[in-house]
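Structure at a glance
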Protein chains: 2
Amino acid sequence: MKLAKLSLHERIRRQLEARIMSGALQPGARIPVEQQLMQEFGCSRMTVSKALSALAAAGLIERRKRAGSFVSRPRVHSMLLHIPDLEAETKASGGRYEFRLLKRQVLPPARQSKLEMELADGGPLLAVTGVHVVNGQPLALEQRQVSLKAVPAVADVDFTVTSPGTWLLQHIPWTEAETRLSAAAADRRVAALLGVPAGSACLVVERRTWRRAKGITSVRQTFEGRSYDMVARFRPSDSRAR
Amino acid sequence: MKLAKLSLHERIRRQLEARIMSGALQPGARIPVEQQLMQEFGCSRMTVSKALSALAAAGLIERRKRAGSFVSRPRVHSMLLHIPDLEAETKASGGRYEFRLLKRQVLPPARQSKLEMELADGGPLLAVTGVHVVNGQPLALEQRQVSLKAVPAVADVDFTVTSPGTWLLQHIPWTEAETRLSAAAADRRVAALLGVPAGSACLVVERRTWRRAKGITSVRQTFEGRSYDMVARFRPSDSRAR
DNA sequence: CAGTGGTCTAGACCACTGA
DNA sequence: CAGTGGTCTAGACCACTGA
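No experiment lies behind these values; they were computed from the predicted model shown. (Residues numbered from 1 in each chain as written. Chains lettered and ligands numbered in written order. Predicted model: local features only at pLDDT ≥ 70, side-chain atom pairs only at ≥ 80, totals over all residues. Heavy atoms only, no water.)

Thoughts on the protein's contact with DNA strand D
We apply this condition: Nearness is judged by heavy atoms alone; a residue qualifies as near a molecule or strand once a single heavy atom is within 4 Å of it. N or O atoms within 3.5 Å of each other form a polar contact, as long as, within protein, one can give a hydrogen and the other can take it, and as long as residues adjacent in sequence are counted only when both atoms are side-chain atoms. A helix here means a DSSP run of H or I that spans at least four residues, while a strand means a run of E at least two residues long, and both kinds are numbered starting from the N terminus. Throughout, the ten residues Ala, Val, Leu, Ile, Met, Phe, Trp, Tyr, Cys and Pro are labelled nonpolar, Asp, Glu, Lys and Arg are labelled charged, and all others, Gly among them, are labelled polar.
Around DNA strand D, the structure places 25 residues, and the nearest of them are Leu-8, Ser-44 and Thr-47 of chain A together with Arg-45 and Arg-63 of chain B. For DNA strand D, the backbone portion of the atoms within 4 Å of the protein, that is sugar and phosphate, comes to 61%. Thr-47 of chain A is positioned such that a nitrogen or oxygen atom in its side chain is 2.6 Å from a phosphate oxygen of DNA strand D. Separating a phosphate oxygen of DNA strand D from a side-chain N or O atom of Arg-63 of chain B is a distance of 2.7 Å. Among the elements that line the surface near DNA strand D, the one with the most residues is helix H3 (residues 45-57) of chain A, at four residues. Here the surface near DNA strand D is composed, by residue class, of five nonpolar, eight polar and 12 charged.

Focus on the protein's contact with DNA strand C
The immediate surroundings of DNA strand C are formed by 25 residues, with Arg-45 and Arg-63 of chain A together with Leu-8, Ser-44 and Thr-47 of chain B found nearest. Atoms of DNA strand C within 4 Å of the protein belong to the sugar or the phosphate in 61% of instances, the rest to bases. With respect to DNA strand C, the backbone of His-9 of chain B contributes an N or O atom lying 3.2 Å from a phosphate oxygen. Of all the elements in the fold, those that place two or more residues in the surface near DNA strand C are H3, strand E2 (61-64) and strand E3 (68-71) of chain A together with helix H1 (8-22) and helix H3 (45-57) of chain B. Considering each element in turn, the surface near DNA strand C owes the most residues, four residues, to H3 of chain B. Here the residues of the surface near DNA strand C sort into five nonpolar, eight polar and 12 charged.

Observations regarding the sheet that holds E3 of chain A
Residue and element names in this part refer to chain A. Put simply, the rule reads: Two strands make a pair as long as DSSP finds a minimum of two bridges between them.
The three strands lie next to each other as E1-E3-E2, forming an open sheet whose pairing is antiparallel. Two strands close off the open sheet at either side, each with one partner strand: strand E1 (30-31) and E2. Looking at chain direction, E1 and E3 are connected through two bridges and run antiparallel. Looking at E3, one finds that Ile-31 is bridged to Ser-69.

Describing the confidence of the model for chain A
Applicable threshold: Values of pLDDT, ranging from 0 to 100, describe the predictor's confidence in every residue of the model. The contact rule is simple, with two residues in contact once any of their heavy atoms fall within 4.5 Å.
Here chain A averages 86 in pLDDT, and 86% of its residues register 70 or above. Here residues 237-242 of chain A is a poorly scored stretch, pLDDT under 50, and it has 10 contacts once near neighbours within four places are set aside; other chains count.

Remarks on the packing of helix H1 (residues 8-22) of chain A against H3 of chain A
All names here are of chain A. Heads up, the condition is: With axes taken as lines fitted to C-alpha atoms, and helix axes fitted only over the stretch in contact, angles between N-to-C directions fall between 0 and 180 degrees. Every angle not falling under 35 degrees, over 145, or within 65 to 115 is termed oblique; those three ranges are roughly parallel, roughly antiparallel and roughly perpendicular. Less than a right angle of anticlockwise turn of the near helix away from the far helix marks a crossing as left-handed, whereas a clockwise turn marks it as right-handed.
The contact between H1 and H3 brings their axes to 8 Å, and the two run at 50°. Judged by the inter-axis angle, H1 sits oblique to H3. Here H1 runs over H3; the crossing is right-handed. Here Leu-8, His-9, Ile-12, Arg-13, Leu-16 and Glu-17 of H1 lie close against H3, whose contacting residues are Thr-47, Val-48, Lys-50, Ala-51, Leu-52, Ala-54 and Leu-55. For the contact of H1 with H3, the class distribution of residues is eight nonpolar, two polar and three charged.

A closer look at the sheet that holds strand E1 (residues 30-31) of chain B
Residue and element names in this part refer to chain B. Overall, antiparallel pairing links the three strands, which are arranged E1-E3-E2 in an open sheet. Of all the strands in the sheet, just E1 and strand E2 (61-64) have a single pairing partner and so form its edges. Judged from the four bridges that link them, E2 and strand E3 (residues 68-71) form a sheet pairing that is antiparallel. Directly across from Arg-63, in E3, lies its bridge partner Ser-69. Strands E1 and E2 of the sheet are contacted by H3, whose axis makes an angle of about 120° with E2.

Describing unusual backbone geometry
Residue and element names in this part refer to chain A. Put simply, the test is: Note on classification: 1.4 Å probe, protein chains only; a residue is buried when its accessible area is under 20% of the maximum for its type, exposed when over 50%, partly exposed between these limits.
Positive phi is not limited to glycine here, since Asp-121 has a value of about 55°. With respect to the helices and strands, the residue Asp-121 is situated in the loop between helix H5 (114-120) and strand E6 (125-134). A relative accessible area of 39% places Asp-121 in the partly exposed class.

Looking at the pairing of strand E10 (residues 214-224) of chain B
All names here are of chain B. Counting buried residues along E10, nine of its 11 residues qualify, which places the element largely inside the surrounding structure. One ladder, built from seven bridges, connects strand E7 (residues 137-147) with E10; its direction is antiparallel. Of the residues in E10, the one forming a bridge with Gln-143 is Arg-220. Pairing analysis gives 10 bridges linking strand E9 (residues 201-211) to E10, with the strands arranged antiparallel. Within the sheet, the bridge partner assigned to Leu-203 lies in E10 and is Phe-223.

Here we look at the environment of Thr-166 of chain A
Residues and elements named next belong to chain A. Looking at the secondary structure, you find Thr-166 in helix H6 (residues 164-171). Judged by relative accessible area, which is 8%, Thr-166 ranks as buried. Spatially, the C-alpha atoms of Thr-166 and Pro-152 are 16 Å apart, while their sequence positions differ by 14 residues. Side chain to side chain, Thr-166 and Glu-87 meet in a polar contact 3.2 Å long.

A few points about H1 of chain A
The criterion, for reference: The span expected for a helix works out to 1.5 Å for each residue beyond the first. Arc definition: it is the arc formed by the directions from the helix axis to the C-beta atoms.
An ideal rise of 1.5 Å per residue puts 21 Å on 15 residues; H1 of chain A measures up with 21 Å between its terminal C-alpha atoms. Glu-10, Ile-12, Arg-13, Leu-16, Glu-17, Ile-20 and Met-21 of chain A are the residues of H1 of chain A that are buried. Along H1 of chain A, the residues classed as buried sweep out an arc of 165° about the axis, all on the same side. Looking at the buried side of H1 of chain A, the elements it contacts are E1, helix H2 (34-41), H3, E2 and E3 of chain A together with E9 of chain B. A positive phi of about 95° marks Gly-23 of chain A, the residue just after H1 of chain A.

A word on the pairing of strand E6 (residues 125-134) of chain B
Residues and elements named next belong to chain B. Burial of E6 is extensive: 10 of the 10 residues sit out of reach of the surface. Burial along E6 is two-sided: Leu-125, Ala-127, Thr-129, Val-131 and Val-133 and Leu-126, Val-128, Gly-130, His-132 and Val-134, pointing in opposite directions, are all buried. In this sheet, E6 lies alongside strand E5 (residues 97-107) in antiparallel orientation, the contact comprising 10 bridges. For Arg-100, the partnering residue across the bridge sits in E6 and is Val-131. Sheet topology places E6 next to E7; 10 bridges connect them, and they run antiparallel. By the bridge assignment, His-132 is partnered in E7 with Ala-140. Count of turn residues in the E6/E7 antiparallel hairpin: two residues, of which Asn-135 carries a positive phi of about 50°.

Right under this line is the structure:
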């Protein structure tokens, strides 16, 4: 490990983290108070405080006035989920990526769909349907709608060259996103497009993205169940790792 | 919003964040240098630095020596995924929760399974199978293995009272977890246990948890596709929210 | 009410790196 | 090589809250 070049607050942070990970400091245990740590590491209070703040921000400890700082009891209620950017990942690993464009239409939003009406915000929607093809194999069906009012520039993009997701990611800063994961059986059409038997279990990823309160895009991606896994890894220090 | 009681570094952070969100500061744009911000907010460099460090930790800006700080170009490659603790969530919302224990055995790991051999680490495994039942409805099938070498205390726990996941979460500090999401068709047995037609699309959550390098538990949870969604939300500032 | 953490200052020296 | 961020100090005042 890089030991020599680490800053002092980083070394203090790591040493406390190591004590917590090793079990020397059990959940609920009290962390030495700032004055003790100042003496132990021979540094100022600001430096100790920076290390403790980082641990608190990572959820490893909890700080309470008058009482002190304590090792958190772990609560695995959330994890960092890696959302695949199929195009970027395929190319990064040297594979062939292709977005097979099936349909592209400018439409008014469906009046009965609250989601579409919100997304459109009084303007038209660009509806794009296509298949993500990796190394010649269809991997996922994508059904996307983009608000032309929010993103007029999308009207001129050639989606046979770049997938809509990759283009949007690179051009439109988002501020909020919501992803929903579920499972669904492939209907006849989806099955044919993905080259799987009808009724196959598929992983469905639905994502909506906003910029401030304005909707940008809404997408539904359907993966054949066995062809793609989404993996989330978590280590306590990851929440701070850059 | 709470405006009066906010600390100065927090106000600086929020104001810069607001400029970024509003588009006044576009991705790639240069953030005023620390000296400018010191003048603008009439504060010391440490206070400005704290605000900028927080923005950098949240991924909103990138700091480069000599060059300055710049608004990041968004990369939505990971999101915080909320993993349900069915027991805690059900009880929190006033529902009835029950873990219907189907099987409980102490077994040696299967020699042909690398995963089981690693988890067992030379000791036996506790295998637990049960169904999460919420308000009388079966919601998920859980198939779990726990390393008795790593967690001897688990041998004495009554899993008709507490679900294994909830017990482990409260008693064994983990340091690393990996979650895999996929879709699979319900076989006859799973379908019967969940009360759905055979072949139904199910969302499968597989999670392995470690304490340091030692495996603690490995679990596979099968949800009927329409009965449970997993939702991940992301806002840039969330990575710092407590 | 005393001990704890939260914040802030005014300064300092340094490391990095692009003009 | 000068401008920028990274780190650190020694102190200060304050807010909170449990013994």
